[in-house]
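The lines below spell out each chain.
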Amino acid sequence: FEGAVVAVPEENIREWFPPPPEEGGFDLLWPEPESTEEFGMLVCSELAAKGFCVVQTFLSAKDRAAAMEAAEGEDGMRPFNRMHQEIEAGYMGYDNHTKVATLEEDAGDEDELGPLESCSRQVSTAGLLLAHFAPLSLGFGCTGLQ
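Keep in mind the model is a prediction, meaning the values are calculated, not measured.

About the thresholds
- Within each chain, residue numbers correspond to sequence positions counted from 1 in written order.
- In keeping with the predicted nature of the model, local features appear solely for residues at pLDDT of at least 70, side-chain atom pairs appear and are counted solely at 80 or more, and the whole-chain, interface and lining totals rest on all residues.
- Side-chain measures were taken over the full set of non-hydrogen atoms in the model, leaving aside hydrogen atoms and water.
- Helix and strand definitions follow DSSP, with helices as H or I runs of at least four residues and strands as E runs of at least two, each counted in order from the N terminus.
- In this scheme, a residue with accessible area under 20% of its type's maximum is buried, one over 50% is exposed, and one in between is partly exposed, where area comes from a 1.4 Å probe on protein chains only.
- Throughout, nonpolar core names a set of buried Ala, Val, Leu, Ile, Met, Phe, Trp, Tyr and Cys residues whose side chains join them through atoms within 4.5 Å.
- Whether two residues are in contact is decided by their heavy atoms, any of which lying within 4.5 Å being enough.
- Only residues above 30% relative accessible area that lack a salt bridge enter a patch, with like-charged residues linked at up to 9 Å and the nonpolar side chains Val, Leu, Ile, Met, Phe, Trp and Tyr linked at up to 5 Å.
- Areas reported as accessible are Shrake-Rupley estimates using a 1.4 Å probe. Residue values count occlusion only from the protein chains shown.
- Any carboxyl oxygen of Asp or Glu within 4 Å of a side-chain nitrogen of Lys or Arg constitutes a salt bridge here.

A.B. asks: Help me out: how do you make sense of the environment of Val-5 in this one?
C.D. replies: With respect to the helices and strands, Val-5 occurs in the segment before β1 (28–29). Given a relative accessible area of 78%, Val-5 falls into the exposed group. Between the C-alpha atom of Val-5 and that of Ser-45, which follows or precedes it by 40 residues, the distance is 30 Å.

So this is what it looks like as structure tokens:
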């Protein structure tokens, strides 16, 4: 899942099923452009059934490390804070102890994104892919981060 592409004869290919998320696996693979509607429906189904969904993306270990470094900010100085109490449960759920940081706004028209911006855009895209199914499946509407 880190971007390596190899040619394998069809007779040497067999289907693989990942372990469940609780054992280090995942529920769904980040979709190809032509299967985004099905992906949104499947994510909503997982969320409705168990309250979470682990999605495997195609980000290399190097890009994941760079995204983490960028998230922490220059010299690890990005401020992380609790959300305002009035809105925290709506965004983060109940009994949440997570802090958040504000990222720069995604202009949406850049072709070359840094690793953190790429991750942020995937989260926004996931929200958009859920938008059609969330009101009926999950009882709320979502429109991404923007």
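Once you've had a look at it, read on.
A.B. asks: What am I meant to see in the nonpolar core here?
C.D. replies: One recurring pattern in soluble globular proteins: nonpolar side chains tend to sit buried together. Judged by nonpolar contacts, Leu-28, Trp-30, Phe-39, Val-43, Cys-44, Cys-53, Leu-129, Leu-130, Phe-133, Ala-134 and Cys-142 together constitute the single largest core of eleven residues. Tallying contributions element by element places helix α1 (residues 36–50) first for this core, with three residues. Ignoring anything within four residues of it in the chain, the contact list for Leu-130 reads Gly-40, Val-43, Cys-44, Leu-47 and Cys-142.

A.B. asks: In this structure, what is going on with a nonpolar patch on the surface? I would like to understand it.
C.D. replies: Side chains of Val-6, Val-8 and Ile-13 sit close together on the surface and give an oily, nonpolar patch of about 290 Å² of accessible area. With respect to the helices, strands and loops of the structure, Ile-13 is situated in the segment before β1. For Ile-13, a relative accessible area of 53% translates into the label exposed.

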